[in-house]
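Listed here are the chains, written in short residue letters.
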Amino acid sequence: MDKEVTKIESDDTSSVEIKVLLFARARELTGVPDLTLKMPSGSTTQKCLDELVLKFPSLEEVRSCVVLALNEEYTTDSAVVQHRDELAIIPPISGG
């Protein structure tokens, strides 16, 4: 059986757009406070984070310790994102 994976980004029915908010060190590493991310329908917050690390490899530095929030509520990396959702990437904040 031939296993071929095709990523379709131009078909609006098979993709969603979400707003990604970046805080603290994540914002410093990317140089942007927020961005729009287009993902295949059914994508999890983990897949979104994977895509962000591909676009901004420097995010690997904080990847293992970020907290994710979906639509202003803390979430897990297995939550599925919907069109127009807002995903916040929140690294640990130090200070005192």
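Residues numbered from 1 in each chain as written. Predicted model: local features only at pLDDT ≥ 70, side-chain atom pairs only at ≥ 80, totals over all residues. Heavy atoms only, no water.

Within an unreviewed UniProt entry, the label attached to the protein chain reads Molybdopterin synthase sulfur carrier subunit, and the organism entered is Arabidopsis suecica. On record in UniProt, under Subunit (unreviewed entry), the comment for the protein chain is "Heterotetramer; composed of 2 small (MOCS2A) and 2 large (MOCS2B) subunits." Recorded in UniProt under Sequence similarities (unreviewed entry), the annotation for the protein chain is "Belongs to the MoaD family. MOCS2A subfamily." (UniProt positions renumbered as here; feature names shortened; annotations may be inferred.)

Chemist: Describe the overall build of the protein chain, listing the residues and the values that go with them.
Modeler: Broken down by element type, the protein chain carries 3 helices and 5 strands. The N-to-C order of helical and strand elements in the protein chain reads β-α-β-α-α-β-β-β. For the protein chain, the residues scored as buried account for 33% of the 96 residues in total. Excluding contacts between residues fewer than 6 apart, the proportion of contacts in the protein chain whose partners are at least 24 apart in sequence is 54%. Working note: accessible area of the protein chain is about 6300 Å², and carbon and sulfur atoms make up 50% of it. (Helix = DSSP H or I, 4+ residues; strand = E, 2+ residues; numbered from the N terminus. Buried < 20%, exposed > 50% of the residue type's maximum accessible area, 1.4 Å probe, protein only. Contact = heavy atoms within 4.5 Å. Areas by Shrake-Rupley, 256 points an atom, 1.4 Å probe, with all protein chains shown as cover.)

Chemist: Which residues make up unusual backbone geometry, and what values do they have?
Modeler: In the Ramachandran plot, Asn71 falls in the positive-phi region, its phi being about 55° despite a non-glycine side chain. Mapped onto the fold, Asn71 is located in the loop between β3 (67–70) and β4 (73–75). Given a relative accessible area of 38%, Asn71 falls into the partly exposed group. Notably, Arg84 is not glycine yet its phi reads approximately 70°, a positive angle. Inspection of the secondary structure puts Arg84 in the loop between β4 and β5 (86–90).

Chemist: Tell me about the nonpolar core, and please be specific about residues and values.
Modeler: Ile18, Val20, Leu37 and Ile89 are the most contacted members of the largest nonpolar core, which has 22 residues in total. Elements supplying a minimum of two residues to this core: β1 (15–22), α1 (24–30), β2 (34–40), α2 (45–55), β3 and β5. Apart from residues lying up to four places away in sequence, Ile89 is in contact with Val20, Leu21, Leu22, Phe23, Ala26, Leu49, Leu52, Val66, Val67 and Leu68. (Core = buried A, V, L, I, M, F, W, Y, C linked by side-chain atoms within 4.5 Å.)

Chemist: Quick rundown of the pairing of β3? Include the residues and the values.
Modeler: Looking at chain direction, β3 and β5 are connected through 4 bridges and run antiparallel. For Ala69, the partnering residue across the bridge sits in β5 and is Ala88. Bridge count for β3 against β4 is 3 bridges, and the pairing is antiparallel. Bridge assignment links Ala69 to a residue of β4, and that residue is Tyr74. Once β3 ends, the chain turns through 2 residues before running back antiparallel as β4, passing Asn71 with a positive phi of about 55°. (Pairing = 2+ DSSP bridges.)

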